[in-house]
Amino acid sequence: MKTYLPLLSLLAMSLLFSCKKKDAEQPKPSNSPIATFNYTGKMEVSEFKVYKGDPTGGKEVSKDYTPEGLFLDRLKNFTPPSQLIFKSKDSLSQLPKRVEVDLLKYKFNGDTLKGHNRYVNTWEVYGFKSKKRLAYSMTFYIYTRVSPPYLTAAVGTEHGLTLAQNMFRSEGVNFRSPAEMTNTNDLVGWYNVSYIYEGDKEL
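Residues numbered from 1 in each chain as written. Predicted model: local features only at pLDDT ≥ 70, side-chain atom pairs only at ≥ 80, totals over all residues. Heavy atoms only, no water.

### Examining the packing of aromatic side chains
Tallying each qualifying case throughout the model produces 18 aromatic pairs. Seen from their ring centres, Y39 and Y195 are 6.1 Å apart, and the 70 degrees between their planes marks the pair as edge-to-face. Of this pair, Y39 sits in strand β1 (residues 35–52) while Y195 is found in strand β10 (residues 187–199), placing the two residues 156 residues apart along the sequence. For Y39, a relative accessible area of 27% gives the class partly exposed. With a relative accessible area of 5%, Y195 lands in the buried category. Ring geometry for Y106 versus F108: centroids 5.8 Å apart, planes at 80 degrees, classification edge-to-face. Taking the relative accessible area as the measure of exposure, Y106 reaches 6% and is therefore buried. Among the aromatic residues, those joined into a ring-pair cluster are Y39, F48, F71, F78, Y126, Y136, F140, Y191, Y195 and Y197. Sitting over the ring of W123, K107 keeps its end group 4.4 Å from the ring centre. A cation sits over an aromatic face here: K129 above F108, 5.2 Å from the ring centre. (Phe/Tyr/Trp six-rings, centres within 6.5 Å; stacked < 30°, edge-to-face > 60°. Helix = DSSP H or I, 4+ residues; strand = E, 2+ residues; numbered from the N terminus. Buried < 20%, exposed > 50% of the residue type's maximum accessible area, 1.4 Å probe, protein only. Lys NZ or Arg CZ within 6 Å of the ring centre and 35° of its normal.)

Next up, the structure:
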């Protein structure tokens, strides 16, 4: 036993050293984001539509308005995120972080980026990607319906691109079509814009 003890000790030390060396060589897990997209300061307008009421039915009067005049401070004070950080395969952070919802779950349907609205449990369109380019899409909308003695009005901002079928539909208080806009104070308008981001990596 005395003959083998030094050999066993040497073998054990050799194995221990080998294991420590392998541990040291293994890369440590990285907390680096998948990709970071920075706002370029550029924006693109995809559609601006305004309909005004008329006794014979609503007329498109988009040329008589400007987005700045129609949406006033809502448009003037809107600031897109300076950065979109894809922290993991399903976690997206919008910076500077102002509210809780600026950190959200996301997924891609093809090239369409969708963010999860935790409050109503739905997926909303946030934008569209193309390699290292991402268009962050927003809609500004306004709605006024006058049916004396009642008035229904709304002005707001939401993710995605609003289309005519989103504003004229049978559900809720919406006009089903411009033909129902028979009061001269009736108004429907929307403004689709995309804020352009460039990424350090492709998604």
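There is more to say, and it comes next.
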